[in-house]
Amino acid sequence: QVQLVESGGGLVQAGGSLRLSCAASGHAFSSYAMGWFRQAPGKEREFVAAITWSAASVYYADSVLGRFTISRDNAKNTGYLQMSSLKPEDTAVYYCAADKRYSTSGYEYWGQGTQVTVSS
């Protein structure tokens, strides 16, 4: 079992930045791949970014490529999503997730989400 808790969401103006954190507890977070997803009102949840357990590989959705950076600190059992050049269309609830597989879907463990609102 892995428990995940996101933090760092909030209200920011377009063009601004936020850093989301995902604190993990439970079984060996360092052995899990981690992903970030988001869900905007009235839309399905979508993939944002993923990182392998070792941080050797990362992958981004086209919509955030070049603006968002995923990272992790296994010593702190924490993952991060640095978001820059934010746009109103980035407004959503952001979720972190963990799974043994490095993937863009099908994650086993999920956090409760943190709201990000980008004003124009």
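You'll find the structure just up there.
Residues numbered from 1 in each chain as written. Predicted model: local features only at pLDDT ≥ 70, side-chain atom pairs only at ≥ 80, totals over all residues. Heavy atoms only, no water.

(A) Quick look at the pattern of salt bridges. If you walk through the whole model with that rule in mind, you get 4 salt bridges. Linking Asp90 and Arg38 is a salt bridge whose minimum nitrogen-to-oxygen distance equals 2.9 Å. With Asp90 in the loop between β8 (78-83) and β9 (92-99) and Arg38 in strand β4 (residues 33-39), this residue pair connects regions lying 52 residues apart in the sequence. Among the salt bridges present, the one from Asp90 reaches Arg67, with a minimum N-O distance of 2.7 Å. Placement of Asp90 in the loop between β8 and β9 and of Arg67 in the loop between β6 (58-60) and β7 (68-73) is noted, with a sequence separation of 23 residues between them. (Salt bridge = Lys/Arg side-chain N within 4 Å of Asp/Glu carboxyl O. Helix = DSSP H or I, 4+ residues; strand = E, 2+ residues; numbered from the N terminus.)

(B) Inspection of a nonpolar patch on the surface at higher detail. Together, Val58, Tyr59 and Tyr102 make up a nonpolar patch on the protein surface, roughly 290 Å² of accessible area in all. Here Val58 shows up in strand β6. (Patch = residues over 30% accessible without salt bridge, like charges linked within 9 Å, V, L, I, M, F, W, Y side chains within 5 Å. Areas by Shrake-Rupley, 256 points an atom, 1.4 Å probe, with all protein chains shown as cover.)

(C) Broad picture of the environment of Gly79. Within the element layout of this structure, Gly79 appears in strand β8. With relative accessibility at 0%, the residue Gly79 sits in the buried group. The sequence separation of Gly79 and Ile51 amounts to 28 residues, and the corresponding C-alpha distance is 9.2 Å. Gly79 has contacts with Leu20, Ser21, Cys22, Phe29, Met34, Trp36, Ser71 and Arg72, leaving out every residue within four places of it along the chain. (Buried < 20%, exposed > 50% of the residue type's maximum accessible area, 1.4 Å probe, protein only. Contact = heavy atoms within 4.5 Å.)

(D) Region of the structure containing the environment of Glu46. Relative to the elements of secondary structure, Glu46 occurs in strand β5 (residues 46-51). Assessed through its relative accessible area of 34%, Glu46 is described here as partly exposed. The residues contacting Glu46, other than those within four sequence positions of it, are Phe37 and Arg38. Separated by 2.6 Å, the side chains of Glu46 and Arg38 make a polar contact. (Polar contact = N/O pair within 3.5 Å; in protein donor to acceptor, adjacent residues only side chain to side chain.)

(E) Looking closely at unusual backbone geometry. A positive phi angle, close to 55 degrees, is found at Asn77, a residue other than glycine. For Asn77, the location among the structural elements is in the loop between β7 and β8. Among the residues examined, Asn77 registers a relative accessible area of 29% and is labelled partly exposed. Even without being glycine, Ser85 reaches a positive phi, approximately 50 degrees. Examined against the element boundaries, Ser85 turns out to sit in the loop between β8 and β9. Residue Ser85 is classed as partly exposed on the basis of its relative accessible area of 41%.

(F) Structural context of the state of the cysteines. Tallied over the full model, the rule gives 1 disulfide. Covalently, Cys22 is tied to Cys96 through a disulfide, its sulfur atoms 2.0 Å apart. Disulfide Cys22-Cys96: the torsion about the S-S bond is 60 degrees, which places it as right-handed. Taken together, the residues Cys22 in strand β3 (residues 18-26) and Cys96 in strand β9 connect sequence positions 74 residues apart. (Disulfide = S-S within 2.5 Å.)

Scope: geometric values only; no functional claims are made or implied.
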